[in-house]
Amino acid sequence: MVTIDSTQQLTLDRIMAVAHGETVELAPATRQMLAERRAQIEEYVTSQDIPAYGFNRGFGHNVDISVREELLSELQKNLILSHAVGAGEPMAEPVVRIAMLLRANSLSRGYSGVRPVLVERLIDLLNHRITPVVPELGSVGASGDLAPLSHMAMALMGEGEVLYMDRRMTAAEALETAGLKPVELEMKEGLALNNGVQYMNALGLMACSQLTVLLKTAAVNTALVAQVMLAPDTYFRPDFHVVRPHPGARTVADWIWRVMQDSPIRNSHKDHKTDGQVQDPYNIRCAAQVLGSCHDLISQARAALLVEANSATDNPILLPGEDGRYTDIVSGGHFHGMPVAVQVYNLMQALSIMSSLAHMRSVRFVDPVRNKGLGRDLKWPLLAADDKSISSGMMMLEYTSASLTNDIWGQCMPSHLFNISTNSGQEDHVSMGTGLAVRLLKTLPKAAHVLAIELAYINQAISIRKRLETIPTEAELPDWVGHELGALKQRMNGHGEGVVFDASVTRQHPLSEEEKKLSPVSEKLFETIAERNLFPVVRQDRFMADDIRNLAEFVSDGGVCDTIESMIPLD
């Protein structure tokens, strides 16, 4: 059970646990504190003849309109109903559950002046698995996620629709079935429910969690590519990265280094005289630096989004006066989404960079000039010549990867830089980060698909490498070979017209069966993919779309990370 406590911080792990069904409770001391502060502000506002935004005044540019005391409850109800104007498809249930948790946690900080019942009813909805139907779009991410949070708040009032017991139904029906009563909002409580960017932040935190899985998968893919493409592990040495100690690069390099250790195929060409290769393309050699930048972007976003998750974002905020009572009503802009929007864009950058790197390596796999002897389009090496002539092998997967990567780039428009003034100019700078966050969440499966295509190429390449008897080498040839070739060309040329004779030597280094193996953890992943029949070896042309989809689900669900981390931790 996850506890909402005004003295404690929610962690990403706890937030994600609630997203997927964990129950929630309110700490008794926090409940008492909320009741005390509500009593203080109620006494203050009703006894003082002062304009108090959120309590006895209209909202937005209607702030100048005074509202009679007997209409204050109706004012709050009307606010929620009139602001629930979202558009688009319903947002995924785990995201809405995170938003509900974050709103409850924000109100529980004690600076909003609401009754404990609001927090308790949000918790009741979470624990009964009653999830408001929240359209995905409609927020400009400034005066809070007004439209999405209003759809969410409607459920507390018994209004709107919810998901309950695997059915979509009215909130009133769901509350009655669960034995819960609708909440009648009192002064300021409607405003307190929809002022904040908990919806945008929920999207960002969900993306953070999923991107961490994709980042680790990208690092594992790098270690696999490096081995099957006959690259060294020196690019990822810990002592090498100490001299340029960016935290993300050091961490990712450490992951790749550990996955590559005890690799027989790596050790088979460790002697430079055997390998003859000085450097590899950037997609391997610079992978730690590239993915390390993604690590830093995700880490920075996670830290900022968790600050937001544990903050009070209402307007106005209630601070203690000289007497210590929370009656100092301070209007401000804590509901503004820009601190979250810039971090969401960081996550979009990380997603795009990871996808681009994976695609570049997929391109190399199908190129017989650059794939270290794996052949054209990774066709199965035991195919007869006629069968190879009619085979496309794994050519087309690169096209799909290119299409998805391009689509991901197209989703990266920095919406938070394109302000549109709203509310008659009262809200003249808005973050526009919520739409960006929705796009980010929808783009994550495409990135997983790109990584899955790369993993399919890796899987095929490993299988081919194990069937080949040799690996190519660029080791220097003895001088006599050059002399013999030169003499042969001299004898053959000059006789006849239009024909020029040329000759070259294909250099190959033999490997034993043991030397064809990857590192133990890499072999474990290779075996897991085979045992689950996620992507069977392509021995002849066949339909692959379903296999790639299954592999993408395996990636998204953390299958690659879980398999690797069952043997070595990726801290």
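Before reading on, note that the structure itself is shown above.
So, here's what we can say about the structure. Within any chain, residue numbers begin from 1 and follow the written order of that chain's sequence. Totals for whole chains, interfaces and linings use all residues, but because this is a predicted model, local features are given only for residues with pLDDT of at least 70 and pairs of side-chain atoms are given and counted only at 80 or more. Excluded from the side-chain calculations are hydrogens and water; all other atoms, namely the structure's heavy atoms, are used.

### Considerations on empty space enclosed by the protein
- Points on a 1 Å grid, built from protein atoms alone, make a cavity when a 1.4 Å probe fits but cannot get out and make a pocket when they are open with protein on both sides within 12 Å along at least 5 of 7 lines; residues with an atom within 4 Å of a point are the lining residues. Grid points are joined across faces, edges and corners, and a volume is the space filled by probe spheres set on the points. Summed over the entire model, instances satisfying the criterion amount to one cavity of 30 Å³ or more.
- Of the pockets and cavities examined, the largest cavity occupies roughly 40 Å³.
- Considering the residues around the largest cavity, the lining is formed by Leu224, Leu455, Ile458, Asn459, Ile462, Ser522, Leu525, Phe526 and Ile529.
- Elements are defined by DSSP. Helices are runs of H or I of four residues or more, strands are runs of E of two residues or more, and each kind is numbered from the N terminus. Secondary structure elements with two or more residues in the lining of the largest cavity: α19 (433–467) and α21 (520–531).
- Here the term charged refers only to Asp, Glu, Lys and Arg, the term nonpolar to Ala, Val, Leu, Ile, Met, Phe, Trp, Tyr, Cys and Pro, and the term polar to all other amino acids, Gly among them. Partitioning the lining of the largest cavity into residue classes produces seven nonpolar, two polar and no charged.

### Brief notes about the nonpolar core
- Nonpolar cores are built from buried Ala, Val, Leu, Ile, Met, Phe, Trp, Tyr and Cys residues. Side-chain atoms within 4.5 Å join them into one set. Buried means the residue's accessible area, taken with a 1.4 Å probe over protein chains only, is under 20% of the maximum for its type, while exposed means over 50%, and partly exposed covers the values in between. By size, the foremost hydrophobic cluster in this structure holds 157 residues, and its most contacted members are Leu214, Phe365 and Phe535.
- By definition in these notes, contact holds between two residues if any of their heavy atoms fall within 4.5 Å. If near-sequence neighbours (up to four positions away) are discounted, phenylalanine 365 is found in contact with Val225, Val228, Met229, Asn371, Leu374, Gly375, Leu378, Tyr457, Ile458 and Ala461.
- Core analysis: the second largest hydrophobic core is formed by seven residues, Val45, Phe55, Leu72 and Leu318 among them.

### Some thoughts on a nonpolar patch on the surface
- Taken together, the side chains of Tyr111, Leu319 and Val330 make up a nonpolar region of the molecular surface, amounting to roughly 200 Å² of accessible area.
- Counting through the fold element by element, leucine 319 comes out in strand β8 (residues 317–319). Patch membership requires more than 30% relative accessible area and the absence of a salt bridge. Residues of like charge join within 9 Å; the nonpolar side chains Val, Leu, Ile, Met, Phe, Trp and Tyr join within 5 Å. We get accessible surface area from the Shrake-Rupley algorithm with a probe of 1.4 Å; when it comes to residues, only the shown protein chains can shield them. By convention in these notes, a salt bridge is any Lys or Arg side-chain nitrogen within 4 Å of a carboxyl oxygen on Asp or Glu.

### A short note on the sheet that holds strand β6 (residues 161–164)
- The pairing criterion is simple: DSSP has to find at least two bridges between the two strands. Ordered in space as β4-β6-β7, the three strands form an open sheet in which the pairing is antiparallel. Edge strands, defined here as strands with exactly one partner in the open sheet, are β4 (131–132) and β7 (167–170).
- Across two bridges, β4 lies against β6 in antiparallel orientation. Of the residues in β6, the one forming a bridge with threonine 131 is leucine 163.
- A fitted line through C-alpha atoms represents every axis, and for helices the fit uses only the stretch in contact; the resulting angles, taken between N-to-C directions, go from 0 to 180 degrees. Each of β6 and β7 touches helix α7 (residues 171–178); the most contacted strand, β7, lies at about 100 degrees to it.

### Overview of the side chain of arginine 364
- Structurally, the position occupied by arginine 364 is in helix α16 (residues 338–365).
- The charge count includes Lys and Arg as positive and Asp and Glu as negative, but it does not include His or the ends of the chains. Here arginine 364 sits buried without a salt bridge, and the closest side chain of opposite charge, aspartate 280, lies 4.3 Å off (N-O distance).
- Apart from residues no more than four positions distant in its own chain, arginine 364 is found in contact with Met229, Asp280, Pro281, Asn283, Ile284, Arg370, Asn371 and Lys372.

### A few points about the environment of threonine 30
- Turning to its location among the elements, threonine 30 is positioned in helix α2 (residues 28–47).
- Exposure remark for threonine 30: the relative accessible area of 1% places this residue in the buried category.
- Measuring from C-alpha to C-alpha, the distance between threonine 30 and serine 463 comes to 59 Å, with 433 residues separating the pair along the chain.
- Look past the residues within four positions of threonine 30 in its chain and what remains in contact with it is Ile4, Asp5, Ser6 and Ser108.
- One polar contact links the side chain of threonine 30 to the main-chain amide nitrogen of serine 6, over a distance of 3.0 Å. Pairs of N or O atoms are called polar contacts if they sit within 3.5 Å, as long as, within protein, a hydrogen donor faces a hydrogen acceptor (for residues adjacent in sequence, only side-chain-to-side-chain pairs).

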